[in-house]
Amino acid sequence: MLPEIQVLLLAMAPISELRGAIPVGLTILHLPFWEVFLISFLGNLIPVIFLLLFLEPFANFLSKNFSIFKKFFDWLFQRTRKNITPSIEKYGKKALVIFVGIPLPITGGWTGSVAAFLFDMPFKIAFPLISLGVLIAGIIVSMLTLSGLAIEKYFGWKTLLIIVAIGIIGWFIYKQKKNKKS
């Protein structure tokens, strides 16, 4: 399979999205940066278009005809509303951009599309907001990936691992302090 197609499929996948496609395209497949970025960005938006247009009729059909899907959609929608409602109330529609733009697990175009559906955002509003979030996530992931490649090239992979380990430990310390305050 062509490396460009691999990057496109990774970017379209719900778990990896461009957060996985950009590092793979740059580090494993050794494709040019702008090619990887463009393919990943567009690939991440392809499922967003279909989700925004067809999620509601599809979810309604499955929920009406299959009880297991009704339970699944109820769980999914309740979970997404719980996670996103405070941000939507605080930041409005900018929350969708922020939510999609922060490259963390379960944030991205797929979940952003579900959130837009749950909050009844029309396509013409949701798609530009999600696209901007995907663009921001792509920039962040690209900067992190290219920084990692530069550190590895000039200082070696051991230094890169130490920096990543320090970052992970710092994140856990931050989360612990934040949880103690709550």
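See the structure above.
Rules and cut-offs
- Here, residues in each chain are numbered from 1, in the same order as that chain's written sequence.
- In keeping with the model being predicted, local features are shown solely for residues with a pLDDT of at least 70 and side-chain atom pairs are shown and tallied solely at 80 or more, while totals for entire chains, interfaces and linings include all residues.
- Excluded from the side-chain calculation are hydrogens and water; included are all heavy atoms of the structure.
- Stacked, edge-to-face and tilted are the three classes for Phe, Tyr and Trp ring pairs, Trp counted by its six-membered ring, which pair at centre distances within 6.5 Å; planes under 30 degrees apart are stacked, over 60 edge-to-face, the rest tilted.
- With a 1.4 Å probe rolled over the protein chains alone, any residue whose accessible area is under 20% of its type maximum counts as buried; one over 50% counts as exposed, and the rest are partly exposed.
- We count a stretch as a helix when DSSP gives it H or I for four or more residues in a row; a strand needs E for two or more, and each element gets its number in order from the N terminus.
- We place a 1 Å grid over just the protein atoms. Points where a 1.4 Å probe fits but has no way out form a cavity, open points with protein on both sides within 12 Å along at least 5 of 7 lines form a pocket, and any residue with an atom within 4 Å of a point lines it.
- Grid points are joined across faces, edges and corners, and a volume is the space filled by probe spheres set on the points.
- Under the scheme applied, nonpolar residues are Ala, Val, Leu, Ile, Met, Phe, Trp, Tyr, Cys and Pro; charged residues are Asp, Glu, Lys and Arg; polar residues are all the others, including Gly.

Draft legend 1. Structural view of the packing of aromatic side chains. All chains considered together, the criterion is met by ten aromatic pairs. Pairing Phe33 with Trp34 gives two aromatic rings, centres 4.9 Å apart and planes at 70°, and the pair type is edge-to-face. We classify Phe33 as partly exposed; its relative accessible area is 24%. Arranged with centres 5.9 Å apart and planes meeting at 40°, the rings of Phe33 and Phe37 form a pair that is tilted. Remark: Phe37 and Phe33 occur in helix α3 (residues 33-65); sequence separation between them is four residues, near one turn of the helix. Residue Phe37 is classed as buried on the basis of its relative accessible area, which comes to 11%. Taken together through their ring pairs, the aromatic side chains of Phe66, Phe69, Phe72, Phe73 and Trp75 make up a single cluster.

Draft legend 2. A look at the environment of Ser16. Relative to the assigned elements, Ser16 resides in the loop between α1 (3-12) and α2 (17-28). On the accessibility criterion, Ser16 (16% relative accessible area) is buried. The sequence separation of Ser16 and Leu62 amounts to 46 residues, and the corresponding C-alpha distance is 26 Å.

Draft legend 3. A look at the layout of surface pockets. Counted as a void, the largest pocket has a volume near 900 Å³. The wall of the largest pocket is formed by 31 residues, among which Asn83, Phe99, Ile106, Thr107 and Thr111 lie closest to the centre. Listed by contribution, the elements that provide at least two residues to the lining of the largest pocket are α2, α3, α4 (67-91), α5 (94-101) and α6 (109-118). For the lining of the largest pocket, the element with the highest residue contribution is α4, accounting for twelve residues. Taken together, the residues that form the lining of the largest pocket break down as 22 nonpolar, five polar and four charged. A volume near 620 Å³ is recorded for the second largest pocket. Lining of the second largest pocket is provided by 20 residues; of these, Val141, Leu144, Thr145, Gly148 and Val164 occupy positions nearest its centre. Those elements that place two or more of their residues in the lining of the second largest pocket are α2, α7 (123-155) and α8 (157-181). The residue makeup of the lining of the second largest pocket, split by class, is 14 nonpolar, five polar and one charged.

Draft legend 4. Looking closely at the environment of Lys82. Along the polypeptide, Lys82 turns up in helix α4. Among the residues examined, Lys82 registers a relative accessible area of 64% and is labelled exposed. Lys82 sits 15 residues away from Ser67 along the chain, and the two C-alpha atoms are 22 Å apart.

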